[in-house]
Amino acid sequence: MKTIYFPYLATACVSLLLAACQAPSGGSQSAASGPRAGGSEIGGVVTSANGPEAGVWVIAETNDLPTKFTKIVVTDDRGRYLIPELPKANYSVWVRGYGLVDSPKVQAASGKILDLTAVTAPSAAAAAQYYPAIYWYSMLKVPAKSEFPAGPVKTQPEWVNIIKTSGCMSCHALGTLGTRTMPKDFAHFKSSAEAWGRRIASGQAMTQMTTVLGRLDAPRALALWGDWTDRVAAGELPFAKPERPQGLERNIVLSLWDWSTPTGYMHDLISTDRRKPTVNANGKLYGATEESTDYFPVLDPNTHTASQLKHPVRDPNTPSSRTATMAPSPYWGSEPIWDSQTSIHNQMMDEKGRVWATARVRPPANPDYCRKGGAHPSAKVFPIESANRHLSMYDPATGKFTLISTCFPTHHLIFAEDANQTLWASNGVTGPGAVGWLNRKMFEETGDEVKSQGWTPFILDTNGNGRRDEWVEPKQPVDPAKDKRVQVSLYSINVNPNDGSVWGTSMGFPGHVVRVAPGPDPTHTAITEIYEPPFPGYGPRGGDIGRDGVFWASLASGHLGKFDRSKCKGPLNGPNATGKHCPEGWTLYRFPGPQFRDVQDDGSVEASYYTWVDWFDSFGLGKNVPIASGNMSDAYFALVDGKWVTLRVPYPMGFYAKWSEGRIDDPNAGWKGRSLWATYSTRTVFHVEGGKENRPRVVKFQLRPDPLAN
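Residues numbered from 1 in each chain as written. Predicted model: local features only at pLDDT ≥ 70, side-chain atom pairs only at ≥ 80, totals over all residues. Heavy atoms only, no water.

**Q** Run through the state of the cysteines, naming residues and quoting values.
**A** Per the counting criterion, the structure on display carries two disulfides. Between the sulfur atoms of Cys-370 and its disulfide mate Cys-407 the distance is 2.0 Å. Its S-S torsion of approximately -60 degrees makes the covalent link between Cys-370 and Cys-407 left-handed. Here the residue Cys-370 occupies a position in the loop between β19 (355–359) and α9 (377–381), and Cys-407 occupies one in the loop between β21 (400–404) and β22 (413–415), the gap between them amounting to 37 residues. Across the pair, exposure class does not vary: Cys-370 and Cys-407 are buried alike. With its bonded cysteines labelled in order along the sequence, the protein shows the pairing 1-2, 3-4. Cys-171 supplies the cysteine sulfur nearest to Cys-168, a cysteine that is in no disulfide, at a spacing of 10 Å. For Cys-168, a relative accessible area of 18% translates into the label buried. (Disulfide = S-S within 2.5 Å. Helix = DSSP H or I, 4+ residues; strand = E, 2+ residues; numbered from the N terminus. Buried < 20%, exposed > 50% of the residue type's maximum accessible area, 1.4 Å probe, protein only.)

Structural data, given as structure tokens:
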């Protein structure tokens with residue numbers, strides 16, 4: 001294993017920055033030799049008292065369309081900007097950038113030259129209000145290595161793992177204005193530590209948050225968070241500062257649309273078939289609303305229209321998030337704002353444009369055929385007693401839903417490229433210790449959901465004979481004559497298109513990357529391999545595999561982990577192949593951003609939720625480029641030839657993505673025909689800039705050849 005640190009991309013693509021901008025016909029020249037603006041564009045020059053402002057954002061927003069629409073671009077090295085392809089409307093336009101405060105909003109219509117005056121921040125405190133959450137969260141004190149064990153936590157890295165995406169930041173970022181300040185409702189508590197204890201009990205995520213706290217030394221953790229918010233309230237500022245966009249980062253064009261409701265939140269969105277990103281070209285997008293509501297949103301980006309569809313359930317007694325235990329929220333009071341029976345978590349689109357989802361369709365208790373003594377072939381091998389989420393399919397052509405009851409719980413899902421169009425599903429953070437699938441071809445031919453599904457436990461070939469045999473259980477020692485079952489649970493799930501192997505991440509400390517070779521009869525023949533990230537890497541959450549067979553994982557240690565199985569030197573099966581056997585297959589890339597001051601290990605405060613690999617160059621940075629969510633940084637991070645390209649969303653502050661989605665609307669249209677799609681996936685939409693009036697937003701990323709391309 002080797003660890004590689006590449007700092008924030010600081011080198012510009014000189015040929016792009018120096019390229020002459022071809023002015024569109026019909027525009028007029030600005031007084032400062034800025035770009036020309038055609039009928040659907042706004043362009044000009046941004047200056048301040050310091051001269052031209054390079055690498056700052058120009059934001060244009062309108063409420064004139066059916067849903068709120070925003071477009072954002074970055075200025076070039078001479079302060080010039082051009083916002084392309086604006087729908088006809090009246091816009092509020094302003095400048096935002098690091099070292100600045102927002103400029104006054106100017107009203108303008110498309111087709112205008114608009115030179116703007118940036119406002120230099122009057123103080124370091126004013127400038128810091130625009131910093132991403134990571135810079136504020138890095139101020140949190142972490143117990144020194146010498147203070148461990150601390151309660152149930154044995155080591156400092158394990159503590160850090162819990163206070164990041166393996167625990168405290170799995171649903172929203174810490175360090176946003178809504179988390180680094182204490183609500184006035186809690187001012188009556190004797191200490192900020194007590195206030196934090198009450199704070200995490202607020203709302204319908206109470207059980208999840210208090211459970212995570214229980215994994216820590218709770219009194220010490222609450223005291224540290226209280227100390228953090230006390231120091232912020234007293235005026236302490238981050239010790240590190242973000243840099244402005246450089247090089248390729250100045251070529252990014254962002255388009256944003258509101259969808260859903262102020263009390264809804266997204267987990268993911270979908271717009272195309274992962275295996276063929278030209279499917280549903282220019283079509284609608286669909287959101288996964290998880291615990292918030294059964295009404296999932298639909299966005300038509302062509303008409304700028306957002307609508308909703310209600311996902312049904314089979315059984316009216318299916319449980320709802322509305323009944324979750326909660327204490328009153330400082331934002332919403334005692335009102336339970338979430339009401340979802342379906343808990344739609346993740347969606348995939350097939351080659352026909354149909355939307356498949358992991359969704360709850362019935363109460364959790366499984367039918368008898370799934371359970372111990374059940375007749376299903378998979379139940380005879382590994383019975384499963386309950387499943388809290390299942391499968392569904394929505395067909396936009398007919399407007400109809402198909403609900404599929406599965407014995408195995410579902411979390412994420414992915415289509416294989418095999419003759420059966422197999423749909424594989426992960427279990428989530430925890431699970432029964434099995435991976436499940438639906439033979440889609442059989443299901444569509446027969447409608448038989450029982451025969452069309454199957455599942456298998458995770459069995460290591462520890463006797464090394466190349467096939468699956470009788471096994472020992474997880475807590476039993478390795479038997480040289482048998483195989484061994486391991487208690488892992490796939491969080492992410494992916495299929496290697498080269499050999500049909502199923503890959504995913506298993507969360508925990510240090511966690512694992514998991515590979516499953518299904519074999520001809522997966523219930524009986526599937527063989528598992530597990531690979532542990534070597535220190536300083538740990539804590540995988542979301543991961544993805546490239547079409548080159550290389551697996552990438554977001555690690556809570558603040559790294560992007562690359563695992564190349566082809567580099568393993570030793571046996572991949574046998575008694576020693578139990579996780580630590582291929583450190584040479586790993587490379588760790590440190591994410592941008594600061595590390596906690598009390599943590600000396602290599603890494604970043606960044607806590608990336610998920611990594612997605614762009615198989616077909618749908619965004620424009622190349623094939624098989626890994627793109628990781630920068631959940632503390634209002635960004636995605638793309639690793640291009642070993643260097644980071646940051647895809648920042650500066651407005652509204654609080655961009656927190658999970659899944660990514662690349663679509664090619666027109667392969668012959670250059671940058672305009674390619675895009676990366678995301679949605680604000682924080683559960684606490686009211687923490688995002690704008691507060692309770694916020695709705696989740698869809699974000700379209702495009703990469704033009706230079707900052708002034710139209």
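**Q** Report on the side chain of Thr-406, specifying residues and quantitative values.
**A** Here Thr-406 lies in the loop between β21 and β22. Since its relative accessible area comes to 0%, Thr-406 is described here as buried. Not counting chain neighbours up to four residues away, the residues in contact with Thr-406 comprise Arg-362, Asn-366, Ala-387, Arg-389, His-390, Leu-391 and Gln-453. (Contact = heavy atoms within 4.5 Å.)

**Q** So what's going on with the environment of Ala-127? Which residues, and what values?
**A** By the element assignment, Ala-127 lies in helix α2 (residues 124–128). When the C-alpha positions of Ala-127 and Leu-100 are compared, they lie 5.9 Å apart, and in sequence the two are 27 residues distant. Other than its neighbours up to four places away in sequence, Ala-127 contacts Gly-99, Leu-100 and Ala-121.

**Q** How would you summarise the sheet that holds β19 if you had to cite specific residues and measurements?
**A** The strand order across the open sheet formed by four strands is β18-β19-β20-β21, and the pairing between neighbours is antiparallel. Edge positions in the sheet fall to β18 (346–349) and β21, since each of these pairs with one other strand and no more. Averaged over all adjacent pairs, the angle separating strand axes in this sheet is 20 degrees, with direction ignored. (Pairing = 2+ DSSP bridges. Axes fitted to C-alpha atoms, helices over the stretch in contact; angles between N-to-C directions.)

**Q** Requested: an account of the sheet that holds strand β16 (residues 295–300), with residues and values cited.
**A** Strand order in the open sheet made by the four strands is β14-β15-β16-β17, with antiparallel pairing throughout. Both edges of this open sheet fall to β14 (268–270) and β17 (305–310), since each of them pairs with a single strand only. The mean angle between the axes of side-by-side strands here comes to 25 degrees, regardless of whether they run parallel or antiparallel. Inspection of the sheet shows strand β15 (residues 285–288) paired to β16 by two bridges, in the antiparallel sense. Looking at β16, one finds that Leu-285 is bridged to Leu-299.

**Q** A description of the packing of aromatic side chains should follow, citing residues and the corresponding values.
**A** In total, this model carries 39 aromatic pairs according to the counting rule given. Taken together, a centroid distance of 5.1 Å and an interplanar angle of 90 degrees make the contact between Trp-94 and Tyr-651 edge-to-face. Remark: Tyr-651 occurs in the loop between β40 (643–648) and β41 (661–664) and Trp-94 occurs in strand β7 (residues 90–96); sequence separation between them is 557 residues. The buried category is assigned to Tyr-651, whose relative accessible area is 9%. (Phe/Tyr/Trp six-rings, centres within 6.5 Å; stacked < 30°, edge-to-face > 60°.)

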